Every structure is written in C-alpha cells, then in structure tokens.
Amino acid sequence: MIKHPITIYKVVAGIAFIILASVQFFLLFNMYRMEDEHYYAIEKAGMHDLYEPAINNDKLYPGAVQIIDKHVYKYIDTLEALYKQNRKGAFDTLRQVMCDSMFAELRAKSCGDSLIQAMKKQLGITDSLQYCLQIRNIDFAFEARKYIPIYTHGQKYPLINKAIQDSGGIRISGKLKNINSTNSVSGLTVSSPASHSYKMDFALHIDTYDRVWGVIKKMMPVFLLSLFSILSVLVIFYITFRNWLKQKKLADMQTDFINNITHEFHTPLSAIMVANKSLQNEKITGKKENVVSLTGVISRQADRLKKLIGQVIDISVGRMVKLNKTTLPLNDLLEDVLLDYRLNISDSSVQLNIEKHTVHDMVAVDVFYFTTMLQNIIDNGIKYNNSSPKMITVSTTNTDEYVLLSIKDNGIGMNDAITRRIFDKFYRAPNWKNEPIQGLGLGLHYARQCVEAHSWKLDVKSKPEEGSEFIIFIPCQQQ
Ligand code: ADP
C-alpha cells in the first residue's frame, strides 16, 4: 500500500499541471512570434511598393541624392589622396567631418514625414505609425568596385553627432525606436560601377505605436481559449479532488460506524443472553423478585436493541418517515418525556431539571420523533459530561413567534471545529481524555433530521470545559 496517496496524487497533479501550463505557454509564445513576424505584412508590402518608386534615382527621400552628392564630391579627392598616402589619422578625421555635415543637412532637409503621410493616404492606412529612415553604410570607390568604408553601422564615431548614431545606423528621419527585421519595409543598396563613386545602404522601418497590443489582440481568441482550458482543468481537478476527499472521509466514517455499531448491538445482546441464562438456573428463578428483575433487564435491553435498529433504519433510509403531528402543550409533553427518562437513569449523579417560562406553549409535533430527538440530546448531555453532579436543564421560553426549547448541560463542551460537524452523519469527535465513550455518531444527525422534518430551527452554543446548549425554535400554534 502506498503510504501517502494524497501527497503523491497532489505532486503528480502539480507536475502534470506545470507541464500542461508550460506547453501552453510555449505554443502561445511561438504563435506570438509568428503573428509578430507577419504583423502588418500587407501594409508593409504596400509601403514597400510605394517607397521604392518614390525614390527612384534618388536615395532616402526625394531630393536627398543632391545633398549626398554635394558632400561626397566635395571631399572624395582629398580623401583619396589621404588614403593613398596612408595618412590614416587625417583620413579618419576628414571622413567623419564629411559624414557629420552630410547627415546634419540630410536631417535638416528631410521630407520623410510628408513622404510617409502621402504613402499612408494612398494606402488608406489610418493607424498612427512611427517610422525611421536610416543610413546603414557608406563606402567610397576610388577605383571601380574597390570599396573603402567611410561609415559603417554598429561602430561609434566620435566626430559624428552622438544623438543620431543608433546601433542600426544613422537616424535621418522618424522617431521609431525599436528597429528590427519585423518592422523593416525596405533595405536598399545603391552603388555605381564607375571609379570615384560611392555605395550607400539605407533602410526604411515602419511600425504601429502599439505593436505588442496589436499582436495580442489578433491572438486574443486563442489566448482566451487557452486560458479557459487551463482554468477548466484547474476547476475540474479541484472538484474531483474535493469529491474524492469527501468520499474518503465518508468511507472512513462508515468503517468507524460499523465498529461502533458492532459494540452497541453487542452490549444489550450480551445482557439479554446473561439474563436468559440466569432464568434457566432454577436456584435463581426460585425467588420471584429475581424473575421480575431479570425479565425487566431483558425487556429494557430488547427495547434498547429495538431503538438502535430503528435509528439505523431511519438514518439509512435517509429521511424522516412521514410525520404524524398533533398540536399540544409543549410543557406537558416535556414533563411526560422527562418522567420516563428519569426512570431509566441508572447514574445517581444526574440531575435532570425542567424550567417552564412560557406564556404560550402550543406546538405542532410528532410525539414519537420528538421524544427520540430529545432523548438523544439528553443522552449526550450525560454521556459527554464529567461534572458532578451532571446537570441537564430543559427549559422553555417564548419569543413573538416561537417557543424556544433549550437543553443545557454542564458537560465537556465542544470547540467550534467540532460544533460545526456534530450533525454530520456518523461524525464522532475524538475521544475525550482517552476514555472511549460509546456511540454511533447518529444521535444528533437524527435530531437535525427531526428538526428539519418539522421545519424548525436548531442552534448550538458550546465551549470546551463549560458545557453545551441546544436551542430549538418551534413556531407557536394558536391556543
Ligand atoms: P454519538 O453520541 O453517538 O457519538 P451524536 O451524533 O449524538 O453521536 O454526537 C456526535 C458527536 O458530538 C459526539 O461524538 C460528541 O463528540 C459530540 N457531542 C454531542 N453532544 C455533545 C455534548 N452535549 N457535549 C459534548 N460533546 C457532544
């Protein structure tokens, strides 16, 4: 047998849940990446188709080529001379000076904003977009197709304005910060095969302001379904686990019940058997008073057996048999029940009192069930009681609508956790001071069924070591 099945069950379920959640997360993450790659694909393709013809024979934006050419051809001969003389320091300084002034002018005269606006309009895009026009590399060819780097993205140049140097290149126009392959619209390299020419790489990136939210919105149905499935698994697991615990508890209780009932049935049966044996002994039966007392024992124990069997049957049927109510004064009924009860008390330390404070005490009640219920509650007041004397006070009072019947004892009392469960079928609190007190865990369950069948209300007040009080609210009947 596995020693801790619940712990193992919890651990396995926990691991399975973590795996399930991780797989879901992995799938969602991959889906996010796919959606992210294809996000705005149609719009970007449209932009691409419009941008490249718009800068045909030009670079970056319409009119930029004149600015670039002006700066390039102003410096190209000097740079060539420095390069060929191998004057690296001077070459480096001059190329940066050239780049810095060229970039500054390109930025100042940029018409990127209006170009993007016009393209948006043409494509019917109404979303707010951010863009970035970037120069990635510039190389000079002093001889045909032999390119010497002048500006290369990713490198830092101390003589070029720091604010415009991004890791991807020089920002000429636009405010888009996060530049990557998913928002690239166009990346062009323009060069000439002639000597004394240059080659330039530049790129256009466009993105929406709230790309992440846009992608998540597209994934929302899948995301919600995934969340729903995870929550369903959690809820179903919780319900199954709770039901399983309940079943287990019930099975444990039933085992206890069977152990108890065996004992409970045994006690009166043994008494009957002993009394019967004595009746077969002629020496004993010779005296008349012995016969009377022995048949008395048999009769009481048979009654007890009958009561036990009746209780078990009633409980196992699971409901009260149809009530046979009569309207009568509660105080009179209590007097009768307590009189009979006192006759059967063998414990001399028990004091059973009745206090009547009612003005109206007419109630509709099934006498048989009411009597058993009251006996069960009083039985407990005596059983779970270590005081001397054992005081049981049955009292009646009135409110506007109800007759309140209270059964109060000075017994061991109960804490809140026990009080909450005493009406459960088969429930028995742990033994008090290790003294086993016999019972079936059915007496109060029966009492509650009786109260419910009458549509009454029942309240319990109890404190450990101080005693318990059961209060039954019985609606008053017309006199
Ligand atoms: P049983 O007495 O056969 O165990 P009951 O249904 O009558 O079953 O009572 C359920 C449990 O409630 C008892 O086992 C006992 O622990 C607790 N209990 C009931 N009445 C009292 C009481 N008056 N004082 C203290 N504990 C009580």
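As shown above, the structure is provided for reference.
So, here is what we can say about the structure in this document.

As for the pairing of strand β4 (residues 169–173)
- Burial analysis of β4 places 5 of its 5 residues in the buried class, the great majority of the element.
- Here strand β3 (residues 165–166) runs beside β4; their pairing, made up of 2 bridges, is antiparallel. By the bridge assignment for β4, D166 is matched with G169.

Here we look at the packing of aromatic side chains
- As enumerated under the stated definition, the model contains 16 aromatic pairs in all.
- Taking 5.6 Å as the distance between ring centres and 35° as the angle between the ring planes, the aromatic pair formed by Y39 and Y40 counts as tilted.
- Centre to centre, the rings of Y402 and F473 are 5.8 Å apart; their planes meet at 85°, and the pair counts as edge-to-face. Of this pair, Y402 sits in strand β11 (residues 402–409) while F473 sits in strand β13 (residues 467–475), and the two are 71 residues apart along the sequence.
- The structure contains a cluster of three or more aromatic residues connected by ring pairs, namely Y9, F237, F241 and W244.
- Lying over the aromatic face of Y147, K199 brings its terminal NZ or CZ to 4.6 Å of the ring centre.
- Its end group placed over the ring of F473, K457 keeps NZ or CZ at 5.8 Å from the ring centre.

Some remarks on the packing of helix α3 (residues 64–84) against helix α4 (residues 88–108)
- Put simply, α3 and α4 touch, their axes get as near as 10 Å, and they point 175° apart. The pairing of α3 with α4 is recorded here as roughly antiparallel in orientation. Where α3 approaches α4, its residues A64, I67, I68, K70, H71, V72, Y75, T78, L79, L82 and Y83 are matched on the opposing element by A90, F91, L94, R95, V97, M98, S101, M102, E105 and L106.
- A breakdown of the residues in the contact of α3 with α4 according to their chemical character gives 15 nonpolar, 3 polar and 3 charged.

Observations regarding helix α5 (residues 112–123)
- Its 12 residues place the ends of α5 16 Å apart at the C-alpha level, agreeing with the 16 Å of an ideal helix rising 1.5 Å per residue.
- Within the sequence span of α5, burial applies to G112, L115, I116, M119 and K120. One face of α5 carries all of its buried residues, which in axial projection span an arc of 135°. Exposed residues on α5 whose side chains face more than 90 degrees from its buried face are K121 and Q122.
- G124 sits one or two positions beyond α5 and adopts a positive phi of about 70°.

Considering the state of the cysteines
- This model, assessed by the stated rule, comprises 0 disulfides.
- Of the cysteine sulfurs around C132, a residue in no disulfide, the closest is that of C111, at 15 Å.
- Among the cysteines around C476, which has no disulfide bond, C450 carries the closest sulfur, lying 18 Å off.
- The exposure class of C476 is partly exposed, given its relative accessible area of 23%.

A few points about the packing of helix α9 (residues 330–344) against helix α10 (residues 367–383)
- The geometry of α9 relative to α10 is characterised by a closest axis approach of 11 Å and an angle of 55° between their N-to-C directions. Judged on the interaxial angle alone, α10 and α9 are oblique. Of the two elements, α9 crosses α10, and the hand of that crossing is right-handed. Residues L330, L333, L334, V337, L338 and Y341 of α9 pack against V367, F370, T371, L374, Q375, I378, D379 and I382 of α10.
- Of the residues that constitute the contact of α9 with α10, the class distribution is 11 nonpolar, 2 polar and 1 charged.

The rules behind the values
Residues numbered from 1 in each chain as written. Predicted model: local features only at pLDDT ≥ 70, side-chain atom pairs only at ≥ 80, totals over all residues. Heavy atoms only, no water. Buried < 20%, exposed > 50% of the residue type's maximum accessible area, 1.4 Å probe, protein only. Helix = DSSP H or I, 4+ residues; strand = E, 2+ residues; numbered from the N terminus. Pairing = 2+ DSSP bridges. Phe/Tyr/Trp six-rings, centres within 6.5 Å; stacked < 30°, edge-to-face > 60°. Lys NZ or Arg CZ within 6 Å of the ring centre and 35° of its normal. Axes fitted to C-alpha atoms, helices over the stretch in contact; angles between N-to-C directions. Parallel < 35°, antiparallel > 145°, perpendicular 65-115°, else oblique. Contact = heavy atoms within 4.5 Å. Nonpolar A, V, L, I, M, F, W, Y, C, P; charged D, E, K, R; others polar. Expected span 1.5 Å × (residues − 1). Arc of directions from axis to C-beta. Disulfide = S-S within 2.5 Å. Left-handed = near helix turned anticlockwise from the far one by under 90°.

Everything listed here is a matter of geometry and, on its own, says nothing about what the molecule does.
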